[in-house]
Amino acid sequence: MTNEDLKIYLDQNFPEATITEGPQYIEMTVNPAVLIETASKLKKSTETQFDYLICLTGVDYPDCFGIIYHIESTKFRHTMVLKVKTADRIEPAIDTLTEVWQTAKYHEREVYDLLGVKFNNHTDLRRLFLEDGWGFPLRKDYVDEVRIIQR
Amino acid sequence: MSEIKEILINSDNLETDEYSVNMGPQHPSTHGVLRLLVTLEGEKVLNVKPYIGYIHSGIEKMCESLAYNQIIHLTDRMDYLSAHMNNEAVCLCVENALQVEVPDRVKYIRTIMDELMRISSHQLWWSAYGMDMGAQTALFYGMRDREMILDIFEETFGARITLNYNTPGGVMFDIHPNFQKRVKDFIKYFRKILPEYDRLLSGNIIFTERTKNNGFLTVEDAIAYGVTGPSGRASGFSCDVRKHHPYSAYPFVKFNEILATEGDTYARYYCRILEMYESLNIIEQLIDNIPEGDYAVKLKGVVKLPEGEYYQRVETSKGDFGVFIVSDGKKNPYRVKFRSPGFSNLFALNSMVKGYKIADLIAIMGSLDLVIPDIDR
Amino acid sequence: MGFNLYDFTNFTHNLHLWFFENMSTGWATTVEWLLVGVIYLAIVALLGLFLIYVERKVCAAFQQRIGPNRVGPWGLIQTVADFIKMMMKELITPRQVDRFLYNLAPYIIIVCMFLTMAALPFAPGLQGLDFDIGVFYLSAISSISVIGILLAGWSSNNKYSLIGGIRSGAQIISYELSISMSLITMVIMAGTMQFSGIVEGQRDLWFIFKGHIPAFIAFVVFIIAGTAETNRGPFDLAEAESELTAGFHTEYSGIKFGLFYVGEFVNMFIISAVAATVFFGGWMPLHFPGFDAFNNVMDLIPPIVWFFLKSFAIVILIMWFKWSFPRLRIDQILTLEWKYLLPINMFNIILMTVIVLTKFHF
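Note that the structure is predicted; figures quoted are calculated from it, not measured.

S.K.: I'd like a description of the overall build of chain B, backed by residues and values.
M.R.: Helix and strand content of chain B: 16 helices and 8 strands. Relative to the compact-globule value of 21 Å for 377 residues, chain B shows a C-alpha radius of gyration of 22 Å, a close match. Dimensions of chain B along its principal axes, counting C-alpha atoms only, are 80 × 50 × 35 Å. Counting all 377 residues of chain B, 53% fall into the buried class. Considering only contacts within chain B whose residues lie at least 6 apart along the sequence, 71% involve residues at least 24 apart.

Here's what the structure looks like:
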């Protein structure tokens, strides 16, 4: 489906989500509470069949944490962006999408490691690159006197 | 007999036969610093747990304090065997965000370089794979031929692997006058040599016995784990970015996407050999027709992307490499994320290896073509 | 003293008599023993060093490199330099190894190597032990060297060495069967187990030509089993660096490792020498029945040169295997022996018996 058709489809099926048109893909921002349901629906519905999770990114926006999923359908070859945001900076938590896309298991570990966003019901949420007790380097307020040179 | 076994297994004070062995970060076969905790029962592998992070350099964090044309130097170091393709991803992302159209000459040069790097990456993989399997002569044959490509790179670009040739807007300088002739000579030479690779390894019965019928990856698993590149295509997952979302000069060339259906180690091996042939075909179509023109579009001194989020995909020799840039209008990016193919490919290893033997673990891991700095970033 | 390059029988006999005339019996026997011992030590040492050099040069040739060429003319002294270095290395003994067995293991292998070397016919009259059960003796002694490998793996107190040692042990025990059975095939052809008798029986034509098909099959099986016996070539899973373990000799350092290493090469030479003796005539020059002029020309080359030429040809063949083929997995190695080579051998023995009884050979 082209971007316009996709936008129409998404407008119809996900009325509460915020759907914008980014520079390349349609971006849909959903409430964290309905994340799993939305993702499953996007994967299973016959018009979209988004079965390939390309990239899972965690971003530390100025006001909230955002998790951005780039998904693609191997059948129809359309791509879209799914976003969730959580404003909680003390204990940010999002539902895990391992049941929907298995590769999310490890990408979520990376986001937990570098940003500190926990994922509920994740079977193996441990740090991936860094040791336990390290801070969360990708956060904008991460300070490290020894290893980071502030210009 | 089986009832006795049931009773024994279910009782608590019977020691099971499993034991864990560490393929530590230093190991000749892991091609980098990767630690695998292998749980074995006798010779059979029950579980493989990868531990990464030994070479994590914080590239994504570093990019947040650099300008866009400085990020390119960091992308080289991730998957250093497809350095040019990583550079190209960032350049394309920036150029698409600025909506700058590069001249055709740049597109042709970039694509020729892509394919040459792809061949050299597969050559190195083939050499290392033969050596892991025990045919140490394969190492020397592959490296001997790879030296020809690296010499071409050195003459034109000054470096052998980490080229830094791409820059947003085009390339750094024009190609050397000898470049076209040397590449054509190389193609002629390599076409005669590739069948030798087949005779040495692919047709050898010892090799086929060790690689066929193990390490199966079904196409559903490949899509679920996001295994792309030749590893995914060997299972039937059609994921070639060059075909589905073409960039640079790929719309102008005809080539086949190499797909296989078996999904075993031999299929992954053979897909890469066939990809080398396809790369030769692509270069042949392009090398004589490089259009004249500028080698770069002059961008402003300080590049600032408009606010928004941009994603660019390229097909490196390992798979689907993606660059995700979140920009807030300033001269440094707000967040850069690199979607590395090795990361997704590695974590499919556990499902491929279960039930096979330790020697098969080496074969299967080699066939995934992992480059650890790509995984760790 | 009757030194004849073509036939050492008179020379050794005269030397033996000279000793017994000039010294008392006790001294003479002792001096003879010492002399034979020193000669064999020298042969083994020189052979070991030279074979390592040959391996490096042959390997380089296959890999389009040059190999050692700096130390001495054509790099000939390279191995000597390596050995001096190895002798100067510290002997690191891990703390909880079984001391006695750990030190004993390399020596078992070396002793078995000497015992088998003694039975080889280098030239007419130049053979250490000439039993009438020569072939049987050889198989028996080479079976003892398995103990050395198993001891090395076990006493190292290291999980990986144990795995490597047990794998090697299983492999060697399996392939001994194939070696013995192919030798038996040729014994049927020769009619005697005595090595000098086997070589004499090839005076008119080498056994591999005489016993056409079954002899050729026996040769192929012998070479495959021989490379597996010595843990070489495509069968070197137990000591491969890119697998999980470094094999049974992980914990050995310095000269002890050197003993294992040289032992491997000299064992390879012994296998080649046995193949050369039993299939290709040992020190017997190439004769074709009826071509007397040709035979006379062939006789001009001294037998000892023939022996070494043939052995080295087979050694280079075995080295060729190692550098061309990938490695087999342990279960594939054992499958090859028990499911393929053993039935082939049994069938071959029957075939050879039929051919010998019906005199359907050259």
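S.K.: For the overall build of chain A, give the residues involved together with the corresponding values.
M.R.: The helix and strand tally for chain A stands at 3 helices and 7 strands. Starting at the N terminus and ending at the C terminus, chain A contains elements arranged as α-β-β-α-β-β-β-β-α-β. Compactness check: chain A gives a C-alpha radius of gyration of 16 Å against a globular reference of 15 Å for 151 residues, within 12% of the reference. Across its three principal axes, chain A shows a C-alpha extent of roughly 50 × 35 × 25 Å. The proportion of buried residues among the 151 residues of chain A is 38%. Contacts spanning at least 24 positions in sequence make up 45% of the contacts within chain A whose residues lie at least 6 apart.

S.K.: Describe the sheet that holds strand E1 (residues 18–23) of chain B, listing the residues and the values that go with them.
M.R.: Residue and element names in this part refer to chain B. The 3 strands are arranged E1-E2-E3 in an open sheet whose pairing can be described as antiparallel. Each of the sheet's edge strands pairs with one partner strand only, and the pair in question is E1 and strand E3 (44–51). The average undirected angle you get between the axes of adjacent strands in this sheet is 20°.

S.K.: Describe the interface of chain B and chain A, naming the residues involved and giving the relevant values.
M.R.: Taken residue by residue, the interface counts 28 residues in chain B and 23 residues in chain A. Elements with a minimum of two residues in the side of chain B that touches chain A: helix H2 (59–63), helix H9 (219–225), strand E6 (308–315), strand E7 (320–327), strand E8 (335–339) and helix H13 (341–347) of chain B. Class assignment of the residues belonging to the side of chain B that touches chain A gives a composition of 11 nonpolar, 9 polar and 8 charged.

S.K.: Explain the arrangement of the chains residue by residue, including any values.
M.R.: Across the 2 pairs of chains that are in contact, the largest number of contacts falls between chains A and B. Contact between chain A and chain C is absent, and the least distance between their C-alpha atoms amounts to 24 Å.

S.K.: A description of the environment of arginine 110 of chain B should follow, citing residues and the corresponding values.
M.R.: Residues and elements named next belong to chain B. Here arginine 110 is to be found in helix H5 (residues 104–133). It is 8.2 Å that separates the C-alpha atoms of arginine 110 and valine 171, two residues lying 61 residues apart in sequence. Apart from residues no more than four positions distant in its own chain, arginine 110 is found in contact with Glu88, Asn166 and Ser248.

S.K.: An account of the pairing of E3 of chain B is requested, with residue identities and associated values reported.
M.R.: Remark: a regular strand shows side chains that alternate across the two faces of the sheet. Residues and elements named next belong to chain B. Relative to E3, strand E2 (residues 35–41) runs antiparallel, the two sharing 7 bridges. Bridge pairing in E3 links leucine 40 to valine 45. Between E2 and E3, which pair antiparallel and follow one another directly, the connecting turn spans 2 residues, one of which, glycine 42, has a positive phi of 70°.

S.K.: Before we move on, can you summarise the interface of chain C and chain B with the specific residues and values?
M.R.: Listed as interface residues are 20 residues of chain C and, on the opposing side, 23 residues of chain B. Looking at the side of chain C that touches chain B, the elements with two or more residues in it are helix H12 (303–324) and helix H13 (330–357) of chain C. Across the side of chain C that touches chain B, the residue classes break down as 9 nonpolar, 5 polar and 6 charged.

S.K.: I'd like a rundown of helix H15 (residues 358–367) of chain B, residues and numbers included.
M.R.: Each full turn of the α-helix corresponds to 3.6 residues, which orients residues three or four apart in the same direction. All names here are of chain B. Taking burial as the measure, the 10 residues of H15 include 10 buried ones, the bulk of the element. Those residues of H15 not exposed but buried are Ile358, Ala359, Asp360, Leu361, Ile362, Ala363, Ile364, Met365, Gly366 and Ser367. Those residues of H15 that are buried are in contact with E2, E3, H5, helix H8 (205–211), helix H12 (265–287) and helix H14 (349–353). Of the residues flanking the end of H15, it is aspartate 369, one or two places downstream, whose phi is positive at about 55°.

S.K.: Account for the nonpolar core, naming residues and giving values.
M.R.: Generally speaking, a soluble globular protein has its nonpolar side chains buried in company with each other. Grouped together as the largest cluster of nonpolar side chains are 225 residues, with contacts concentrated most on Ile71 of chain A, Cys93, Leu349 and Leu361 of chain B together with Met186, Phe269 and Ala275 of chain C. Here this core takes 16 residues from helix H10 (residues 255–280) of chain C, the largest share from any one element. Excluding residues that lie within four positions of it along the chain, phenylalanine 269 of chain C makes contacts with Leu47, Leu51, Ser311 and Val315 of chain C.

S.K.: Just give me the short version of the packing of H10 of chain C against H12 of chain C, but keep the residues and values in it.
M.R.: All names here are of chain C. Between H10 and H12, the least distance of the axes is 8 Å, while the angle of their chain directions is 120°. By the angle class used here, H10 and H12 are oblique. Two packed elements cross with a definite hand, and for H10 against H12 that hand is right-handed. Counted together, Met268, Phe269, Ser272, Ala273, Ala275, Ala276 and Phe280 of H10 and Phe307, Lys310, Ser311, Ile314, Val315 and Ile318 of H12 form the full contact between these two elements.

S.K.: Can you lay out unusual backbone geometry for me, pointing to particular residues and giving the numbers?
M.R.: Peptide bonds are, in most cases, trans, and in most cases residues other than glycine have a negative phi. Positioned with a positive phi, arginine 77 of chain A is a non-glycine residue whose angle comes to about 60°. Taking the C-beta count within 10 Å as the criterion, arginine 77 of chain A has 13 such neighbours and is therefore assigned partly exposed. Within the chain, asparagine 231 of chain C stands out as a residue other than glycine whose phi angle is a positive 55°. Structurally, asparagine 231 of chain C can be placed in the loop between helix H9 (212–229) and H10.

S.K.: I'd love a proper account of the sheet that holds strand E1 (residues 18–21) of chain A, names of residues and values included.
M.R.: Adjacent strands of a sheet pair through backbone hydrogen bonds, lying either parallel or antiparallel. Residue and element names in this part refer to chain A. Within the open sheet, the 5 strands sit side by side as E1-E2-E5-E4-E3. Their pairing is mixed. Two strands lie at the open edges of the sheet, namely E1 and strand E3 (52–60), each paired on one side alone. Neighbouring strand axes in the sheet, compared pairwise and without regard to direction, differ in orientation by 20° on average. Where strand E2 (residues 26–30) and strand E5 (residues 79–86) come together, 5 bridges link them in parallel fashion. By the bridge assignment, valine 30 is partnered in E5 with valine 84.

S.K.: Outline helix H3 (residues 68–75) of chain B, supporting the account with residue identities and numerical values.
M.R.: Residues and elements named next belong to chain B. Taking burial as the measure, the 8 residues of H3 include 6 buried ones, the bulk of the element. Buried within H3 we find Tyr68, Asn69, Ile71, Ile72, Leu74 and Thr75. Packed against the buried residues of H3 are H2, helix H4 (83–98), strand E4 (166–167) and E8.

S.K.: How would you sum up the environment of isoleucine 318 of chain C? Please name residues and give values.
M.R.: Residues and elements named next belong to chain C. Residue position: isoleucine 318 is located in helix H12. It is 8.5 Å that separates the C-alpha atoms of isoleucine 318 and serine 272, two residues lying 46 residues apart in sequence. In this structure, isoleucine 318 is in contact with Thr227, Arg232, Gly233, Met268 and Ser272, ignoring residues within four places of it in sequence.

S.K.: Account for the environment of histidine 73 of chain B, with residues named and values stated.
M.R.: Residues and elements named next belong to chain B. Among the secondary structure elements, histidine 73 is positioned in helix H3. Take histidine 73: there are 12 C-beta atoms within 10 Å of it, and that puts it in the exposed class. Sequence separation between histidine 73 and tyrosine 334 is 261 residues; the distance between their C-alpha atoms is 18 Å.

Cut-offs used in this document
- Residues numbered from 1 in each chain as written.
- Chains lettered and ligands numbered in written order.
- Predicted model: local features only at pLDDT ≥ 70, side-chain atom pairs only at ≥ 80, totals over all residues.
- Helix = DSSP H or I, 4+ residues; strand = E, 2+ residues; numbered from the N terminus.
- Rg over C-alpha atoms; globule rule 2.2 N^0.38 Å.
- Buried ≥ 20, exposed ≤ 12 C-beta atoms within 10 Å, placed from the backbone.
- Contact = placed C-beta atoms within 7 Å.
- Pairing = 2+ DSSP bridges.
- Axes fitted to C-alpha atoms, helices over the stretch in contact; angles between N-to-C directions.
- Nonpolar A, V, L, I, M, F, W, Y, C, P; charged D, E, K, R; others polar.
- Core = buried A, V, L, I, M, F, W, Y, C linked by C-beta atoms within 7 Å.
- Parallel < 35°, antiparallel > 145°, perpendicular 65-115°, else oblique.
- Left-handed = near helix turned anticlockwise from the far one by under 90°.

None of the figures reported here should be taken as evidence of function without further support.
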